[in-house]
2 protein chains.
Amino acid sequence: MKINKKSPLPIYYQIQEMIRGKLESGEWPPGYMLPSERIFAEEFDVSRMTVRQAVTELVSEQLLTREKGKGTFVAEHKIEQMLQGLTSFTEDMKARGMKASSELQLFQMEEADAATARLLQLKGGSVYRMERLRLADNKPMALENSYLHAEMFPGLGKEAASGSIYNRLEQDYGITIGSADQSLEASLASEREAELLGIAPGAPVLLISRTTYTADGEPFEHVISSYRGDRYKFRIHMPR
Amino acid sequence: MKINKKSPLPIYYQIQEMIRGKLESGEWPPGYMLPSERIFAEEFDVSRMTVRQAVTELVSEQLLTREKGKGTFVAEHKIEQMLQGLTSFTEDMKARGMKASSELQLFQMEEADAATARLLQLKGGSVYRMERLRLADNKPMALENSYLHAEMFPGLGKEAASGSIYNRLEQDYGITIGSADQSLEASLASEREAELLGIAPGAPVLLISRTTYTADGEPFEHVISSYRGDRYKFRIHMPR
DNA sequence: AAAATATAGTTGTCTATACCAATTATGCTG
DNA sequence: CAGCATAATTGGTATAGACAACTATATTTT
């Protein structure tokens, strides 16, 4: 519980991160009343306004709530926060109470088509393409085509396709996952999709396209998935 | 462009609302550089910190962006903003640069089926049911079935179906729209859907179900829409 | 015992000032 | 004219203090 006034990091930021730590560790659980702003200011020997600057941002992120005359409290966990997180197929199925698995159909480096190159903001034209059949409780659920920015992940092998690829990318290539754009549309199963998914050609499929960005805003993957229309619903909660 | 120092409303709030007005009216378009904080402070004869308090909140709402050494600017409209707010069909189409209209097919009070009654947490079993064909640039885009909690909106007439029904509910019945749960799935057009939407029976449609809640958490409407798969993509941005 | 009052502690608002860091405009110099 | 140093302007950080609005508790009065 210390701050360093000589650090190049702003004082308010140090206090903010300290509080964030208490929240994440659970040391300050939901409902907990924080030390008052004056106490904080005295403790760190800073001005009260500096403390307020630290707290204000956390309040606007809805991690804390202020109550006039009472104090500042740790906010209750909200359902919405769940939906902020980006879901991988594995996590999605787990949340639905099903066991996820994959069958790798294809892994190769290839030249990106124009649309993919544009979405990934490629200079060089190479991408890793990975086609995986996604299973839930050992039954086909979706056919997934991933395109990975080849320059960003040199030497990526097909063994990456098993297990969580995001963990691999974060650990071995030092990227941090940021945001994602998704689009959903209805379509009909092609011959190939139908065969792999075990449905009739022309049966409905939900087409989900996702472009995922690093925390720096660089796009690093584009995924197009065809989900069985009879087995999959995409759910979303829109807060406020 | 005035503020009232004797108003019970805080000064920073008055400034904030003034800026919000300029943004909404379009007087300050995206990219516009705001007067500097010092100019503002002088103009209103308040401290610069007070101006900063007004601006800070708008920045955290992503309506403005600050750039050190350059100035404060009106943010570009981001796709994300569309998806944060709850979108009505009208707003959705407007955001896509199309003109929205409707053809009312049906408006009646009826007994809710079990699923609808559960979703709307009905005690009495009555709902208003409203079927509308939704057009974008005068071409069929979706067929929409709305179920409204009848007890909450006594005396609602079919004239409500034209124009923005949300405005009507907010103004006449004093509700505030809160959150919504949505689910999306792929399906095939039924005979009736196909005819109204102008597509072949069995063509792909995107089925969107939405339950909308008031700010108090009371569900007040359930909507099931069938969107033409060839014309509509649902887009969503997942932050962080 | 109940009601009114005081008191202390909390966040909310606002001031006036100071210096720092990044960017842009200006004017000088070669 | 190009390049460079300087100044001016902008937002970023931080201080110290003041009063207001609100809440909870303790004290006094009725």
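Residues numbered from 1 in each chain as written. Chains lettered and ligands numbered in written order. Predicted model: local features only at pLDDT ≥ 70, side-chain atom pairs only at ≥ 80, totals over all residues. Heavy atoms only, no water.

Quick look at the protein's contact with DNA strand D
Alright, step 1. In the vicinity of DNA strand D lie 26 residues, with I11 and T50 of chain A together with R38, R48 and R66 of chain B positioned nearest.
Alright, step 2. Counting only the atoms of DNA strand D within 4 Å of the protein, the fraction contributed by sugar and phosphate is 67%.
Alright, step 3. Interatomic distance of 2.8 Å between a side-chain N/O atom of R48 of chain B and a base nitrogen of DNA strand D.
Alright, step 4. Here T72 of chain B contributes a side-chain N or O atom positioned 3.1 Å from a phosphate oxygen of DNA strand D.
Alright, step 5. Sorting elements by how many residues they give to the surface near DNA strand D places helix α3 (residues 48-60) of chain A first, with four residues. (Near = heavy atom within 4 Å. Polar contact = N/O pair within 3.5 Å; in protein donor to acceptor, adjacent residues only side chain to side chain. Helix = DSSP H or I, 4+ residues; strand = E, 2+ residues; numbered from the N terminus.)

So, the environment of L133 of chain B
Residues and elements named next belong to chain B.
Alright, step 1. Checked against the element boundaries, L133 lands in strand β4 (residues 126-136).
Alright, step 2. Distance from L133 to N145, taken between C-alpha atoms, is 8.9 Å for residues twelve residues apart in sequence.
Alright, step 3. Every residue in contact with L133, bar those within four places of it in the chain, is listed here: S101, S102, E103, Q105, A142, L143, L196 and L197. (Contact = heavy atoms within 4.5 Å.)

Points about the sheet that holds strand β9 (residues 234-238) of chain A
Alright, step 1. Read from one edge to the other, the open sheet built from seven strands follows the order β9(A)-β6(B)-β7(B)-β8(B)-β5(B)-β4(B)-β3(B), with strand pairing classed as antiparallel. Looking at which strands have only one partner, the edges of the open sheet turn out to be β9 of chain A together with β3 (100-111) of chain B. Taken over all neighbouring pairs, the strand axes of this sheet differ in orientation by 15° on average, direction set aside.
Alright, step 2. Alignment of β4 of chain B against strand β5 (residues 139-149) of chain B, held across ten bridges, turns out to be antiparallel. Within β5 of chain B, the residue paired with L133 of chain B across the bridge is L143 of chain B. (Pairing = 2+ DSSP bridges. Axes fitted to C-alpha atoms, helices over the stretch in contact; angles between N-to-C directions.)

Looking at the interface of chain A and chain B
Alright, step 1. Opposite the 30 residues of chain A that make contact, chain B presents 29 residues.
Alright, step 2. Together chain A and chain B conceal approximately 2,700 Å² of surface at their shared face, both sides included; 59% is due to carbon and sulfur atoms.
Alright, step 3. The largest per-residue losses of area from chain A upon contact with chain B belong to A186, I236 and M238 of chain A, which jointly make up 24% of the total buried on that side.
Alright, step 4. Among the ionic pairs, K233 of chain A bridges to E185 of chain B, the shortest N-O distance being 3.6 Å.
Alright, step 5. In this structure, the connection of chain A to chain B is made through eight residue pairs in polar contact (both at pLDDT 80 or more).
Alright, step 6. Elements with a minimum of two residues in the side of chain A that touches chain B: α4 (79-84), β6 (177-188), β7 (204-214) and β9 of chain A.
Alright, step 7. The dominant element in the side of chain A that touches chain B, judged by the number of residues it contributes, is β6 of chain A, at eleven residues.
Alright, step 8. Grouping the constituent residues of the side of chain A that touches chain B by class yields 14 nonpolar, ten polar and six charged.
Alright, step 9. Alignment of β9 of chain A against strand β6 (residues 177-188) of chain B, held across five bridges, turns out to be antiparallel. Within β6 of chain B, the position partnered with F234 of chain A by the bridge is L184 of chain B. (Buried area = accessible area lost by both parts, 1.4 Å probe. Salt bridge = Lys/Arg side-chain N within 4 Å of Asp/Glu carboxyl O. Nonpolar A, V, L, I, M, F, W, Y, C, P; charged D, E, K, R; others polar.)

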